[in-house]
Amino acid sequence: MNKKMIPLLLAVLIVLACILGFGTKKQEIKNVFPKTSTASSVTAEWKTPHRLWHTMYEVYLCDNNDMILYKTVDDNSVTIDNLKPGQTVTIKIKPYHKLIGKKRYGYISNEFRLSANPKKVAIDSVTRNEEKTVMAISWSSVDCSGYEVLVATDKKFKKNTQTYNVTKGSTAYITVDTAPDKTYYTKVRAYINVDGNQYFGSWSRLSSDDFEYRYVGYTTTYYDSGKNRITNIEIATNKINGTVLLPGEEFNFDRIVGERTEENGFKMAPSFFGTDMSILTLGGGICQVSSTLFNALLLGNFDIVERHPHSQQVDYVPLGMDAAINWGTKNFRFKNNTDYPIKILVSAKDYRLRCKIMTCTQIKKPNVELKVSQKGKRYTLRRYVDKNMNYTTDSYY
């Protein structure tokens, strides 16, 4: 044989071996790593074996000793869908190529663990001590390896930003030192560590320590009717103003305002008696405070726990939307059914009674519609959220 033909012959033999699938069982996937992930899926990719033919891959889900074929892919990546937040999955990958209609497999890979991102964190409260030197941040606990907490003095986290790592997934609380003369902002996200890879959940909504986000805008009513009535309204307003309710906490009008007595500063002013009379009582007029608050809370989709109508028509809110107060018999209560702390701001100035609800976290206002229907002396108030009725109450005048 001509020596010059030997290299050519070897090349032909190598090509034939490749075509016939020689050595395919030496094919093996050794490096699998996450490419992207969400709270419901994870995409993994791996290095493509150096072969002359096109390689395809069978991806298996593993559970103990069981292997289930999940998907066949023709490139070096796969997306595992329909996962729960923080769910970890184990996969194996088996490469193959087709030769004359037959699959020729390489080695099945070792097990590789992947994870969906953990659930988005919701901040429960951001509070500071009286001296404003320490800020406490708490949030809802989720399944994870830990949390990353950012604290800064501006909303974009570009000034005086500090990063804190809370390593225990069951611990959802941290305290940090703060400067008394500054406002602080914070956000939190959870993470999961799996086989040297870190999966981060979405950042929580931006939160601040000073309740600067308006959840329910001003609800305004107007008043006059004498000096004593104005005094009573101002006392009740001052008692309520600044009240903070954490998620799940209940507002109790009587408990916060207190008994209407001379010792508590209340004056004699007109109050309804029966269906056609008015009499002077201590604290007369403060029903306008509870009614104004009631209207704001309706717009915020808060759970109304206790509300009573007046026995006569009032002129400062629409009929059917008032909330009567009488110590010991008629109280007004509601529950903070949001996932966030709220702060009630009320003011009485220039004959205007104004109420708004603030949050320390920017949250979307619900789509609320209020309707009052009349049938004879009965006025029925209905509240709809996204066109679904979730509260109704009757008044008779």
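The structure we're discussing is the one just above.
Now for a quick tour of the structure. (Residues numbered from 1 in each chain as written. Predicted model: local features only at pLDDT ≥ 70, side-chain atom pairs only at ≥ 80, totals over all residues. Heavy atoms only, no water.)

Considering the overall build of the protein
Across its full length, the protein carries four helices and 28 strands. Over its C-alpha atoms, taken along the principal directions, the protein stretches across nearly 125 × 55 × 35 Å. Residue burial in the protein is summarised as follows: out of 397 residues, 45% are buried. Counted over contacts in the protein with a minimum sequence separation of 6, partners at least 24 positions apart contribute 64%. When the accessible surface of the protein is split by element, carbon and sulfur atoms take 49% of a total near 21,600 Å². Treating the 55 positive side-chain charges of the protein as one cloud and the 39 negative ones as another, the clouds have centres 10 Å apart. (Helix = DSSP H or I, 4+ residues; strand = E, 2+ residues; numbered from the N terminus. Buried < 20%, exposed > 50% of the residue type's maximum accessible area, 1.4 Å probe, protein only. Contact = heavy atoms within 4.5 Å. Areas by Shrake-Rupley, 256 points an atom, 1.4 Å probe, with all protein chains shown as cover. Lys, Arg positive; Asp, Glu negative; His and termini not counted. Charge placed at Lys NZ, Arg CZ, Asp CG, Glu CD.)

Examining helix α2 (residues 227-240)
Its 14 residues give α2 an end-to-end C-alpha distance of 20 Å, which sits within 8% of 20 Å, the value for a rise of 1.5 Å per residue. Turning to α2, its buried residues number three or more, namely Arg229, Ile230, Asn232, Ile233, Ile235, Ala236, Thr237 and Ile240. A positive backbone phi angle near 90° is found at Gly242, which sits one or two residues after α2. (Expected span 1.5 Å × (residues − 1).)

Side note on the sheet that holds strand β22 (residues 303-306)
One open sheet holds the three strands; their spatial order is β19-β23-β22, and the pairing between them is antiparallel. For this open sheet the edge positions go to β19 (250-252) and β22, each flanked by a neighbour on one side alone. Each strand of the sheet is rotated relative to its neighbour by a mean of 25°, with strand direction disregarded. Examined bridge by bridge, β19 and strand β23 (residues 333-335) share three bridges and lie antiparallel to one another. (Pairing = 2+ DSSP bridges. Axes fitted to C-alpha atoms, helices over the stretch in contact; angles between N-to-C directions.)

What to know about the side chain of Ser290
Positionally, Ser290 belongs in helix α4 (residues 287-299). The exposure class of Ser290 is buried, given its relative accessible area of 0%. Among the polar contacts listed, one links the side chain of Ser290 to the backbone oxygen of Ala323, at a separation of 2.6 Å. Apart from the residues within four sequence positions on either side, Ser290 is in contact with Phe253, Ala323, Ile325 and Phe332. (Polar contact = N/O pair within 3.5 Å; in protein donor to acceptor, adjacent residues only side chain to side chain.)

Focus: the environment of Val216
Residue placement: Val216 occurs in strand β17 (residues 213-222). Taking the C-alpha atoms as reference points, Val216 and Leu297, separated by 81 residues in sequence, lie 7.9 Å from one another. Not counting the four nearest positions on each side in its chain, Val216 is found in contact with Ala296, Leu299, Gly300, Lys356 and Ile357.

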